[in-house]
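Residues per chain are reported as follows:
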Amino acid sequence: MSEELKWMRLDNAAKIFPAIIRRNWNNVFRVSAVLTEPVDPEILQSAVEAVIPRFPSMAVRLRRGMFWYYLEQVPHAPQVRADGSYPMIQMNHQELRTCAFRILYYKNRVAAEFFHALTDGTGGMIFLKTLVAAYLSLRYDLKIQPGFGVLDLREPPRREELEDSFQRFAGTVAMSRKESNAYHLKGVPEPEGFRNLITGVVDTQQLKALAHQYKATVTAFLAAVMTETLIALQKERGGKQKSVKITIPVNLRRLFGSQTLRNFALTVNPGVDPRLGDYDLQELCTIIGRQLAIEVTPKLMASRIAANVNPEQRLIMKVMPLFVKNLAMRSVYRIVGESKGSLNISNLGFQKLPETMCPYVTRLDFIIGVQATYHNNCSVASYGNATTINMIRNIKESELERRFFSRLVELGLPVAIESNQRPLARR
């Protein structure tokens, strides 16, 4: 463990997550790798112990102070454990106070699950790649060169990896958070917090080619298909029609050149108002693509950062007791958080590995959890020739997944379906 860093403040994005924890929900995500052979738990444990000193901002537990939560380094590497029947089982307060991330294995799969206050999907994937590299090195006596997200374990943690980049890149003018509320799909809750996971596996090049037919990026295209699906479901269910907007996290490292391993992403909510008329898929691709192009610029994202950073600089926020801050943050989150989008589509993009690792890794996955009020969420990652589209939900109804994947097939994109439950069924 680093002698210099025993504890650290939460980054700006992380501060909201402890405040909005509910009895049966907190914000956890998963990254995983499928290997060519079954995982050896003892070797995996040795790899974890070798890797966590390189990630002092992730090998931590959540602690409560008088004015803010903070992260404290764990004294020992967590024990690897067998995976459960569904991903991202609730991290209760006791677990968060012990270690705020997990390392899991099942057959050929290695998974890491993180409480979102530690890092985002990009940081989590870097941790996973480095862990898998350490595991493969130990098991097969490989010499793996760092790169493509695999960090050098011989290097000490770098200062820029530990920074709160929100503080560094906040703009001078804060953008207004005002925007319309969005439609949320409702359903019958699963008992005991069960998470249904439906995965669609598609050919990466075919997906790109289909998106290009509509003059869209993969993210904009998938968001357009999801918007089209949600508009149809909302119309069929009747009632007051609301905007349908897809919440898309933006990796700010690409815009600002940050190397932080902590959270450094913000969301935008492109979408349409169905009350204005009907939209075909090409129109949705064009609208969403243009909205993303306009919103995702350094200047506008810096102003979004400022809207989050500026309030915490005020003296009253600094001296306000934590329980009062929690009430205030919950209220703000309820008003300007999840209410502005219909669900997430989080795309980690195309992932590469050092050449020596490639023969041993067949697949990489990224899964975000459901939100407090989003019963459905979607996350995407590509590796090799495959793109995995993971759709998770905590309600019984599978209509959204069925229609979304059926629409992709209708558009000429074959989809191989996997599930941790029974086959997709109509409501």
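The structure presented is a predicted model; accordingly, all values stated were derived computationally and were not measured. (Residues numbered from 1 in each chain as written. Predicted model: local features only at pLDDT ≥ 70, side-chain atom pairs only at ≥ 80, totals over all residues. Heavy atoms only, no water.)

1. Concerning the packing of aromatic side chains
Put simply, the rule reads: Each pair of aromatic rings taken from Phe, Tyr and Trp, with Trp reduced to its six-membered ring, is defined by centres within 6.5 Å and is described as stacked if the planes are under 30 degrees apart, edge-to-face if over 60, and tilted in the remaining cases. Helical segments are the DSSP runs of H or I of at least four residues, strand segments are the runs of E of at least two, and each set is numbered from the N terminus. Accessible area is worked out with a 1.4 Å probe on protein chains only. A residue is then buried under 20% of its type maximum, exposed over 50%, and partly exposed in between. Placement of a positive charge over a ring is assigned whenever Lys NZ or Arg CZ falls within 6 Å of the ring centre and within 35 degrees of the normal to the ring plane.
On inspection of all chains with the given rule, the structure shows 15 aromatic pairs. Ring centres of Phe 114 and Phe 127 lie 5.5 Å apart, and the angle between their planes is 85°; on these two criteria the pair is classed as edge-to-face. Of the two residues, Phe 114 sits in strand E7 (residues 109-115) while Phe 127 sits in helix H4 (residues 121-140), which places them 13 residues apart along the sequence. By relative accessible area, Phe 114 is classed as buried at 0%. Joined through ring pairs, the aromatic side chains of Phe 29, Phe 55, Phe 101, Phe 114, Phe 127 and Phe 366 make up one cluster. The ring of Trp 68 is capped by Lys 15, whose NZ or CZ atom sits 4.4 Å from the centre of that ring. Lying over the aromatic face of Phe 350, Lys 208 brings its terminal NZ or CZ to 5.8 Å of the ring centre.

2. Observations regarding helix H10 (residues 281-295)
Where we set the bar: Multiply 1.5 Å by the residue count of a helix minus one, and that product is the helix's expected span. Note that the arc is defined by the directions from the helix axis to the C-beta atoms. Residue contacts are counted whenever heavy atoms from the two residues lie within 4.5 Å of one another. In protein, a polar contact requires one atom able to donate a hydrogen and another able to accept it; more generally it is a pair of N or O atoms within 3.5 Å, and residues adjacent in sequence count only if both atoms are side-chain atoms.
Relative to the 21 Å expected for 15 residues at 1.5 Å per residue, H10 spans 21 Å between its end C-alpha atoms, a close match to the ideal helical length. Of the residues making up H10, those classed as buried are Leu 281, Leu 284, Cys 285, Ile 288 and Leu 292. The buried residues of H10 occupy an angular sector of 100° when the element is viewed end-on, so they sit on one face. Of the exposed residues in H10, those oriented more than 90 degrees away from the buried face are Arg 290, Ala 293 and Ile 294. As for H10, its buried residues are in contact with helix H8 (218-237), strand E9 (244-251), strand E10 (265-268), strand E11 (271-272) and helix H14 (399-410). Sitting at the head of H10, Asp 280 places a side-chain oxygen 3.3 Å from the backbone nitrogen of Gln 282.

3. Brief notes about the packing of H8 against H10
This is how it is decided: Angular values range over 0 to 180 degrees, each being the angle between N-to-C directions of two axes fitted as lines to C-alpha atoms, with helices fitted over their stretch in contact. Each angle gets one of four labels, with under 35 degrees taken as roughly parallel, over 145 as roughly antiparallel, 65 to 115 as roughly perpendicular, and the rest as oblique. In a left-handed crossing the near helix is turned counterclockwise from the far helix by less than a right angle, and in a right-handed crossing that turn is clockwise. Gly counts as polar in this scheme, as do all residues outside two lists: the nonpolar Ala, Val, Leu, Ile, Met, Phe, Trp, Tyr, Cys and Pro, and the charged Asp, Glu, Lys and Arg.
Where H8 meets H10, the closest approach of the two axes is 8 Å, and the angle between their N-to-C directions is 125°. Between H8 and H10, the crossing angle belongs to the class labelled oblique. Here the hand of the crossing between H8 and H10 comes out right-handed. Every residue of H10 that contacts H8 at Ala 220, Phe 221, Ala 223, Ala 224, Val 225, Thr 227 and Glu 228 is listed here: Leu 281, Leu 284, Cys 285, Ile 288, Gly 289 and Leu 292. Across the contact of H8 with H10, the residue classes tally to 10 nonpolar, two polar and one charged.

4. Notes on the environment of Ala 50
Inspection of the secondary structure assignment puts Ala 50 in helix H2 (residues 41-51). Taking C-alpha positions, Ala 50 is 34 Å from Gly 193, a pair spaced 143 residues apart along the chain.

5. A closer look at the layout of surface pockets
Where empty space is left becomes clear once a probe the size of a water molecule has been rolled over the atoms. Note the cut-off: Cavities and pockets were defined on a 1 Å grid built over protein atoms only: a cavity is a set of grid points that admits a 1.4 Å probe from which the probe cannot escape, a pocket is an open set flanked by protein on both sides within 12 Å along at least five of seven lines, and lining residues are those with an atom within 4 Å of any such point. Grid points are joined across faces, edges and corners, and a volume is the space filled by probe spheres set on the points.
For the second largest pocket, the calculated volume is near 430 Å³. Along the walls of the second largest pocket sit 21 residues, with Arg 30, Arg 109, Leu 197, Ile 367 and Asn 420 positioned nearest its centre. Going through the elements one at a time, strand E2 (28-35), strand E8 (196-203), strand E13 (361-368) and strand E16 (416-419) are the ones with two or more residues in the lining of the second largest pocket. Here the residues of the lining of the second largest pocket are counted per class, giving six nonpolar, eight polar and seven charged.

6. A few points about the sheet that holds strand E3 (residues 60-64)
Our working definition: Think of it this way: DSSP has to see at least two bridges between two strands before they count as a pair.
Across the sheet, three strands lie side by side as E1-E4-E3; this open sheet has antiparallel pairing. Each having just a single partner strand, strand E1 (7-9) and E3 make up the two edges of the open sheet. Put simply, the sheet's adjacent strands are angled 30° from each other on average, direction ignored.

7. Brief notes about the pattern of salt bridges
Side-chain pairing between opposite charges can occur once the charged atoms of the two side chains come close. How we decide: For this analysis, a salt bridge means a side-chain nitrogen from Lys or Arg found within 4 Å of a carboxyl oxygen belonging to Asp or Glu.
If you walk through the whole model with that rule in mind, you get 30 salt bridges. With a closest N to O distance of 2.9 Å, Asp 83 and Arg 30 form a salt bridge. One end of the pair, Asp 83, is in the loop between strand E5 (81-82) and helix H3 (93-98); the other, Arg 30, is in strand E2, and 53 residues separate them in sequence. A residue is classified by how much of its surface remains accessible, and Asp 83, at 15% relative accessible area, is buried. The closest approach of N and O atoms between Arg 158 and Glu 161, which form a salt bridge, is 2.9 Å. For Arg 158, a relative accessible area of 27% translates into the label partly exposed. Where salt bridges share partners, they join Arg 30, Arg 81, Asp 83, Glu 95, Arg 102, Arg 109 and Glu 113 into one cluster.

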